[in-house]
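Working through the structure, step by step
Spelled out from the first residue to the last, the chains are:
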Amino acid sequence: MISKNNFDLARSSLGNQAKDRGIKDLISRDNWDTFAGWNKRGRSIQAGSKGFKVEIVVPHSPVVRRGLQRDQFARVQKTLFSISQTYLKH
């Protein structure tokens with residue numbers, strides 16, 4: 001499942017895109033996830049479904065400087081799908 005912080009970053013973008021496409025699903029963390037996230041939750045994406053592009057933050061490979069390891073983060077674009085675009089796997 002997408003993290004709470006990343007969902008908060010993506011919420012406004014998802015709301016705008018869903019409104020433009022006429023999708024009335026509730027904009028909550030339980031109703032949205034990535035392709036891999038839905039697979040882990042036992043659901044598949046319906047054929048022909050178009051995802052919603054959002055920008056989220058992911059960990060980046062650590063940098064070691066002067067013997068100190070510093071974690072870094074990067075903003076990347078991911079595709080999220082609504083629960084209405086999925087179905088339960090058999």
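For the structure, see preceding data.
In what follows, the accompanying structure is described. In this text the structure is predicted, and so the values were computed from the model without any measurement.

All right, on to the overall build of the chain then. A count of helical and extended segments in the chain gives two helices and five strands. Going residue by residue from the N terminus, the α and β elements of the chain occur as α-β-α-β-β-β-β. Its C-alpha radius of gyration of 16 Å places the chain more than 25% over the 12 Å reference for a compact globule of 90 residues. Principal-axis analysis of the C-alpha atoms gives the chain an extent of 50 × 30 × 20 Å. Taking all 90 residues of the chain together, 28% fall into the buried category. For the chain, contacts bridging at least 24 residues in sequence account for 66% of all contacts bridging at least 6. Carbon and sulfur atoms provide 51% of the accessible area of the chain, an area that totals close to 6300 Å². Between the mean site of the 17 positive side-chain charges and the mean site of the 7 negative ones, the chain shows a separation of 4 Å.

Sheet topology places strand S1 (residues 32-34) next to strand S4 (residues 68-82); three bridges connect them, and they run antiparallel. Bridged to aspartate 33 within S4 is phenylalanine 81. Where strand S3 (residues 52-65) and S4 come together, twelve bridges link them in antiparallel fashion. When the sheet's bridge partners are listed, isoleucine 56 is paired in S4 with valine 76.

Applying the stated rule across the entire model yields one aromatic pair. Seen in terms of ring centroids, tryptophan 32 and phenylalanine 52 are 5.0 Å apart; in terms of plane orientation they differ by 85°. Their pairing is edge-to-face. Linking tryptophan 32 in strand S1 with phenylalanine 52 in strand S3, this pair joins segments that are 20 residues apart in sequence. Using a relative accessible area of 0% as the deciding quantity, one classes tryptophan 32 as buried.

What counts and what doesn't
- Residues numbered from 1 in each chain as written.
- Predicted model: local features only at pLDDT ≥ 70, side-chain atom pairs only at ≥ 80, totals over all residues.
- Heavy atoms only, no water.
- Helix = DSSP H or I, 4+ residues; strand = E, 2+ residues; numbered from the N terminus.
- Rg over C-alpha atoms; globule rule 2.2 N^0.38 Å.
- Buried < 20%, exposed > 50% of the residue type's maximum accessible area, 1.4 Å probe, protein only.
- Contact = heavy atoms within 4.5 Å.
- Areas by Shrake-Rupley, 256 points an atom, 1.4 Å probe, with all protein chains shown as cover.
- Lys, Arg positive; Asp, Glu negative; His and termini not counted.
- Charge placed at Lys NZ, Arg CZ, Asp CG, Glu CD.
- Pairing = 2+ DSSP bridges.
- Phe/Tyr/Trp six-rings, centres within 6.5 Å; stacked < 30°, edge-to-face > 60°.

No statement about biological role is implied by the geometric values presented.
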